[in-house]
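Read off the chains here:
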Amino acid sequence: MNNLIRATARCLRSGTAVYMPRQADGRLWSASGRRFLCSDVQKDLGEIVKKDKVVVFMKGTRAQPMCGFSNAVVQILRMHGVDDYADYNVLEDQDLRQGVKDFSNWPTIPQVYFNGEFVGGCDILLQMHQNGDLVEELKKLGIHSALLSAEKESK
């Protein structure tokens, strides 16, 4: 899956019509027909963000965030009890990092998607958390916020 994301991101960044992925040593992959058409790149990333209810492109991983903003997104999701989400480390591949920015037309990382729809970054998620909108959006995804359970227990 990461190879698909990297190839898609490279294709987006290069602006070429056809991208042929290369191995680490620069050689082209075997003639197995591995090609990514740039006209389909947005479709490929669109499928990736729709694969899971919640998708986060971040610096690092949920287990080890590598920036404060990515960490804040992980902590907000954790507070709401959202454990089942896909996280993609953009630090593993600069082309992925730029490709995601181009795909969403959003200049910063982390980026959060709900059901394939771009939600925003850390600041948007934090605002949604603070004003209660995140609970409602999670409910639309069929995810019960752990904060609601904690609130009921405290009463």
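Okay, so let's go over this structure. Residue indices follow the written sequence of each chain, beginning from 1 at its first position. Local features in a predicted model are, by the rule used here, given only for residues with pLDDT of at least 70; side-chain atom pairs are given and counted only at 80 or more, and totals for whole chains, interfaces and linings are based on all residues. Excluded from the side-chain calculations are hydrogens and water; all other atoms, namely the structure's heavy atoms, are used.

1. Notes on helix α4 (residues 94-104)
What counts is decided by this rule: Buried means the residue's accessible area, taken with a 1.4 Å probe over protein chains only, is under 20% of the maximum for its type, while exposed means over 50%, and partly exposed covers the values in between. Strands here mean DSSP runs of E at least two residues long; helices mean DSSP runs of H or I at least four residues long; both are numbered from the N terminus.
Among the residues making up α4, those that are buried are Asp95, Leu96, Gly99, Val100, Lys101 and Ser104. Of the residues flanking the end of α4, it is Asn105, one or two places downstream, whose phi is positive at about 60°.

2. A look at the pattern of salt bridges
Where we set the bar: Salt bridge, as applied in this entry: a Lys or Arg side-chain nitrogen positioned within 4 Å of an Asp or Glu carboxyl oxygen.
For the structure shown, the criterion picks out three salt bridges. Between Arg62 and Asp87 there is a salt bridge, with its nearest N and O atoms 3.4 Å apart. Separated by 25 residues along the polypeptide, Arg62 in the loop between β3 (54-58) and α3 (68-79) and Asp87 in strand β4 (residues 86-89) bring together distant segments of the chain. The class of Asp87 is partly exposed, set by a relative accessible area of 22%. The partner of Glu137 in a salt bridge is Lys140, and the shortest N-O contact between them spans 3.0 Å. In this pair, Glu137 and Lys140 both sit in helix α6 (residues 133-140), three residues apart, roughly one turn of the helix. Looking at Glu137, the relative accessible area reads 27%, which means it is partly exposed.

3. Examining the nonpolar core
We apply this condition: Buried Ala, Val, Leu, Ile, Met, Phe, Trp, Tyr and Cys residues that are joined via side-chain atoms within 4.5 Å together make up what is termed a nonpolar core. The contact definition used throughout considers only heavy atoms, calling two residues in contact when any of these lie within 4.5 Å.
Counting 18 residues, the largest nonpolar core has Val54, Val56, Leu77, Phe114 and Leu125 as the members making the most contacts within it. Those elements that provide at least two residues to this core are β3, α3, β5 (111-114), α5 (122-131) and α6. By residue number, the principal contributor to this core is α3, which donates four residues. Excluding residues that lie within four positions of it along the chain, Leu77 makes contacts with Val54, Val56, Val82, Tyr85 and Leu125.

Everything listed here is a matter of coordinates, which is why it stays silent on function.
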